[in-house]
Amino acid sequence: MNKRIERIVAGNWKMHGTTHKSLELAGFIEKYLQDKNYKTEPTVVLIPPFTQLSSIAKGSTSYRVGAQNMHHEDQGAFTGEISGAMLLDLFVTYVLIGHSERRQLFGETNQSINLKLKSAFKHNMKPILCVGETLDERESNLTDSVVKRQIVAALLDIEYLNLTNLVIAYEPIWAIGTGLVCEPNEANRVTKLLRSTIMELYKNHTNSPNDNSLEAIPILYGGSVKGQNAASLAKASDINGVLVGGASLNAQEFCEIINAFV
Ligand code: PGA
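The following refers to the structure shown.

What counts and what doesn't
Residues numbered from 1 in each chain as written. Predicted model: local features only at pLDDT ≥ 70, side-chain atom pairs only at ≥ 80, totals over all residues. Heavy atoms only, no water. Near = heavy atom within 4 Å. Polar contact = N/O pair within 3.5 Å; in protein donor to acceptor, adjacent residues only side chain to side chain. Areas by Shrake-Rupley, 256 points an atom, 1.4 Å probe, with all protein chains shown as cover. Nonpolar A, V, L, I, M, F, W, Y, C, P; charged D, E, K, R; others polar. Helix = DSSP H or I, 4+ residues; strand = E, 2+ residues; numbered from the N terminus. Expected span 1.5 Å × (residues − 1). Buried < 20%, exposed > 50% of the residue type's maximum accessible area, 1.4 Å probe, protein only. Contact = heavy atoms within 4.5 Å. Phe/Tyr/Trp six-rings, centres within 6.5 Å; stacked < 30°, edge-to-face > 60°. Arc of directions from axis to C-beta.

1. Remarks on the site of the ligand
Point 1. Around the ligand, the surrounding shell holds 13 residues, and the nearest of these are Lys 14, His 99, Glu 171, Gly 177 and Ser 224.
Point 2. Take Lys 14: an N or O atom from its side chain is 2.7 Å from an oxygen atom of the ligand.
Point 3. Burial of the ligand by the protein amounts to 97% of the accessible area it has alone, namely 280 Å².
Point 4. Classifying every residue of the shell around the ligand by side-chain character gives 4 nonpolar, 7 polar and 2 charged.

Below, the structure written as structure tokens:
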């Protein structure tokens, strides 16, 4: 039985906007989705800063809402942190885990990412696990080994049944915020590699011959996705959507990107 792979267009707003401005942006996107009657495909996920989550979640009938990070514990003496339980309280169902800015600027390690993933699954949330190589790693031909290592470490001891909620984003770090998009054939090759790595990891865990949860994991590309390159990324056979940073702050351009994945 072939399960269709869900297509996802997610907008990571990073640390931008005020509630007022962000509501305008979300309102524009909501209206666009309703006018176009995009009921199911692609799934649109808006990922604002924590302070805007509640307001953005309230207006969501056509889009889903995600957080940019979470702590792995449910509660405790962790000043400044937000837990999965708190996100669920706001009806936030998606969460970015291991974005390269978190890894590079805030010291996130494969181990902390693994704990966050476990917590997200425990809360029945949909984590978007980000992996990707630096420019140095790419130039040293280390892309494949780096992204494989990130996937294996992030999924350590994660139960097979949880994978139906997993989303992956391949985000080469050199492409993030630089205007240098990864060439679609190459992005496609790496997304295929990520899927085969997961298949290899869980090869003894399938439930039944008809079960194809691993084939159905959406694998997105992220890094300088724009209105003008979205269509070529959407045509790649193994890219199931995009994680958009800068261009997701421009309502019209983000809608153009959504349109490429319909
Ligand atoms: P960018 O960011 O689209 O601005 O390159 C992508 C991301 O950081 O997820």
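2. Concerning helix H5 (residues 110-122)
Point 1. Under the 1.5 Å per step criterion, the end-to-end length of H5 is 18 Å for 13 residues, consistent within 8% with the ideal 18 Å.
Point 2. For H5, the set of buried residues is Ile 113, Asn 114, Lys 116, Leu 117, Ser 119, Ala 120 and Phe 121.
Point 3. Where H5 is buried, its residues meet strand S4 (94-97), helix H4 (100-105), strand S5 (126-131) and helix H7 (143-154).
Point 4. Immediately beyond the C-terminal end of H5, within one or two residues, lies Asn 124, with a positive phi of roughly 60°.

3. Examining the packing of aromatic side chains
Point 1. The tally for this structure, following the rule as stated, stands at 2 aromatic pairs.
Point 2. A ring pair is formed by Tyr 160 and Tyr 202, whose centres lie 6.1 Å apart and whose planes are at 50°; its orientation type is tilted. With Tyr 160 in the loop between H7 and strand S6 (167-170) and Tyr 202 in the loop between helix H8 (184-201) and strand S7 (219-222), this residue pair connects regions lying 42 residues apart in the sequence. In terms of burial, Tyr 160 and Tyr 202 fall into one category: buried.

4. Structural notes on the environment of Leu 88
Point 1. Tracing the chain through its elements places Leu 88 in helix H3 (residues 84-89).
Point 2. Taking the C-alpha atoms as reference points, Leu 88 and Arg 103, separated by 15 residues in sequence, lie 24 Å from one another.
Point 3. Dropping the residues within four chain positions of it, Leu 88 is found in contact with His 123 and Met 125.

5. Here we look at helix H9 (residues 227-235)
Point 1. Residues of H9 that are buried include every one of Gly 227, Asn 229, Ala 230, Leu 233 and Ala 234, and no others. The buried side chains of H9 occupy one side of the element, clustering within an arc of 145° when seen end-on. In H9, the exposed residues that point more than 90 degrees away from the buried face are Gln 228 and Lys 235.
Point 2. Next to the buried residues of H9 lie H8, S7, strand S8 (241-244) and helix H10 (251-260).

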